Amino acid sequence: MVVERYAPADPGLALTDPALYAHGDPHAVWARLRREAPVSWHDEPGHEGFWAVTTYPEGLDVLTDSSRFSSTRGTFLRPNLSDPFPGGGRMMTLTDPPRHGVLRGVLSRLFSPRAARSFEARAGEVAHRLMAEVTDAGPRDFVDDVAARYPLAVTAALLGVAPEDVDRVAAWTGTAADNIVDIDGSTAQQAHLEVLQYYAEVLEDRRRRPGDDVVSAFVLAQAEGLDISDEEIILTCDNLVVAAGETTRQVTGAGLLALLDAPEQAAALRRGEISRKHAVEEMLRWSAPVNHIMRTALADTEVAGVPIGAGQAVSVWLPSLNRDESVFERPEEFRLDRRPNRHASFGGGGHFCIGAPLARLMIAALLDELVDERIEIALAGEPRRIPSYITGGLDRLPITVTSR
Ligand code: HEM
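As recorded by an unreviewed UniProt entry, the protein carries the name Cytochrome P450 and is attributed to Streptomyces griseoviridis.

Structure below.
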């Protein structure tokens, strides 16, 4: 192991510097870490430091072993890791087994691949409507006008959001996810509180009138005697609605930009020479919107021979796993027909993204619209990257869409 070759003082390797993601080249930094120190220690001046894992097998080792690595202290790096994290141990994503299995078990039927398929028509309809609204409408921002509005418009019924509340809730989740940029931002916290308050009301409503959504599934489980508090339900709904909205949008934004750079591949997809299924996986591998996932070592352990101390933070960098040369052939190339493509964009192990079937289906439906032969999409300005070490992607993608 070559961990000692890593120089923590090297400013070019500051993984938590927002500037690296806004203007720098994080892929160059990750590539160097993969080569020189796949498991490396990073000091954070004034704060607790952290381990960074940048290679695929080592990253999966951390994510798949909840007996060594816990989620309860939070799943993203933040400056004050020792402060208790809101929702730790109660919000599904912030629990470990066996509690995690109990909460996830309540939701599994609603998120099965079969259940996701029932959203196919809805996804096609919404994708078509949103693209029609920006066609022949002059310069528009793909992120604001399409990508950000799309996921919740498709999944609202599942997530217990009434049709008339979709825009309101989408605005809150967008702001709530801004803590990816300003981690201590009170506006982001306020938006989370709005979402929690919203779900407290939905919960009361579903007790009287259960439906077929996530809140009703929890209400039913409670009524059947499962020990789940209202707080756990509300926090997990907040987790769901933010996770659904803020990741899918990044894949479609970054994916569209990659498609605009590869018109011959877009044309091959349009002609049916590349399967839509493979194209979706490559868009996911390429965009990898979750930059890292954090775990905390439960006891002294090791990863690839590097000793990790009990209580230390271990971060796994998913876009770097997706470019691991030992797993992917020519990983730096965007190839819509890539096979095999076992990317890590949805994580791995017990917390593997529960919304993956839905996300795949939504990306596929929007992709159909993006390569539709009746329209032409062109860049209309400089894309802007999100300055965040948590969420990777674009917060602005100016385009024009014209009918042919
Ligand atoms: C392309 C879109 C998406 C990406 C890249 C993505 C990525 C991820 C990743 C990396 C994790 C693992 C987190 C961890 O291990 O700590 C995760 C978990 C999760 N995702 Fe997604 N996600 C996407 C879409 C969605 C959608 C559409 C939903 C819901 C409708 C969703 C809901 C969740 C939830 C609830 C969890 C926590 C699962 C658990 O703790 O068991 N995600 N997602």
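Peer 1: What is the right way to read unusual backbone geometry from this model?
Peer 2: Excluding glycine, most residues fall at negative phi; most peptide bonds, likewise, are trans. Note that the residue after proline 97, namely proline 98, is joined by a cis bond; omega there is 5 degrees. On the secondary structure map, proline 98 appears in the loop between β3 (69–70) and α4 (99–107). For the bond from arginine 339 to proline 340, the omega torsion is -5 degrees, close enough to zero to count as cis. Structurally, proline 340 can be placed in the loop between α15 (318–321) and α16 (356–370). Although it is not a glycine, aspartate 136 sits at a positive phi angle of roughly 55 degrees. As for its position among the elements, aspartate 136 is in the loop between α6 (120–134) and β4 (140–141). For alanine 288, which is not glycine, the phi torsion reads 30 degrees and is therefore positive. Its place among the elements puts alanine 288 in the loop between α14 (276–287) and β5 (292–297).

Peer 1: Explanation requested: the site of the ligand in the structure shown.
Peer 2: Looking at the ligand, there are 30 residues lining it, with His100, Arg104, Arg295, His351 and Cys353 nearest. In this structure, histidine 100 approaches the ligand through a side-chain N or O atom, which is 2.6 Å from an oxygen atom. Contact distances for the ligand include 2.6 Å between an oxygen atom and a side-chain N or O atom of histidine 351. Counting residues per element, the ones that place at least two in the shell around the ligand are α4, α12 (230–261), β5 and α16.

Peer 1: Just to check I follow, could you spell out the coordination of the iron atom of the ligand for this structure?
Peer 2: Tetrahedral coordination by four donors sets the ideal angle at the metal to 109.5 degrees; octahedral coordination by six donors sets it to 90 or 180 degrees. Only one protein atom coordinates the iron atom of the ligand: Cys353 (SG), located 2.3 Å from the metal. Turning to its location among the elements, cysteine 353 is positioned in the loop between α15 and α16.

Peer 1: Sorry if this is basic, but what is going on with α4 here?
Peer 2: It helps to recall that an α-helix has 3.6 residues per turn; residues three or four apart then point in one direction. Residues of α4 that are buried include every one of His100, Leu103, Arg104, Val106 and Leu107, and no others. Down the axis of α4, the buried set is contained in an arc of 150 degrees. They therefore lie on one face. Here the buried face of α4 lies against α11 (214–223) and α12.

Peer 1: Any chance you could explain the packing of aromatic side chains here in plain terms?
Peer 2: What characterises a pair of aromatic rings is the spacing of the ring centres plus the angle enclosed by the ring planes. As enumerated under the stated definition, the model contains 8 aromatic pairs in all. Seen from their ring centres, tyrosine 56 and phenylalanine 328 are 6.0 Å apart, and the 75 degrees between their planes marks the pair as edge-to-face. In this pair, tyrosine 56 sits in helix α3 (residues 56–64) while phenylalanine 328 sits in the loop between α15 and α16, placing the two residues 272 residues apart along the sequence. Residue tyrosine 56 is classed as buried on the basis of its relative accessible area, which comes to 14%. Residue classification places phenylalanine 328 among the buried residues on the basis of a relative accessible area of 3%. Put simply, the rings of Tyr21, Trp30 and Trp317 touch in pairs and so form one group of aromatic residues. If you follow arginine 285 out to its NZ or CZ, it ends over the ring of phenylalanine 328, 5.6 Å from the centre. Arginine 323 extends its terminal NZ or CZ atom over the ring of tryptophan 286, reaching a point 4.3 Å from the ring centre.

Peer 1: Please clarify how the pairing of β5 should be interpreted in this entry.
Peer 2: For a regular strand, side-chain orientation follows a simple rule: the groups alternate between the two sheet faces. The buried fraction of β5 amounts to 6 of the 6 residues, a majority that puts the element mostly inside the structure. With burial as the criterion, each face of β5 is covered, one bearing His292, Met294 and Thr296 and the other bearing Ile293, Arg295 and Ala297. The pairing of β5 with strand β8 (residues 313–317) spans 5 bridges and is classified as antiparallel. Each bridged residue has a counterpart across the sheet, and for isoleucine 293 the counterpart in β8 is valine 316.

Peer 1: I would appreciate a short explanation of the side chain of histidine 292 in the present structure.
Peer 2: Note on placement: histidine 292 falls in strand β5. A polar side-chain atom of histidine 292 sits 2.9 Å from the main-chain carbonyl oxygen of tyrosine 389. Those residues in contact with histidine 292 that sit more than four places away from it in its chain are Thr75, Phe76, Leu77, Ser315, Val316, Trp317, Leu318, Tyr389 and Ile390.

Rules of the game
Residues numbered from 1 in each chain as written. Predicted model: local features only at pLDDT ≥ 70, side-chain atom pairs only at ≥ 80, totals over all residues. Heavy atoms only, no water. Helix = DSSP H or I, 4+ residues; strand = E, 2+ residues; numbered from the N terminus. Near = heavy atom within 4 Å. Polar contact = N/O pair within 3.5 Å; in protein donor to acceptor, adjacent residues only side chain to side chain. Donors = N, O, S within 2.8 Å, 3.2 Å for Na, K, Ca; no water. Buried < 20%, exposed > 50% of the residue type's maximum accessible area, 1.4 Å probe, protein only. Arc of directions from axis to C-beta. Contact = heavy atoms within 4.5 Å. Phe/Tyr/Trp six-rings, centres within 6.5 Å; stacked < 30°, edge-to-face > 60°. Lys NZ or Arg CZ within 6 Å of the ring centre and 35° of its normal. Pairing = 2+ DSSP bridges.

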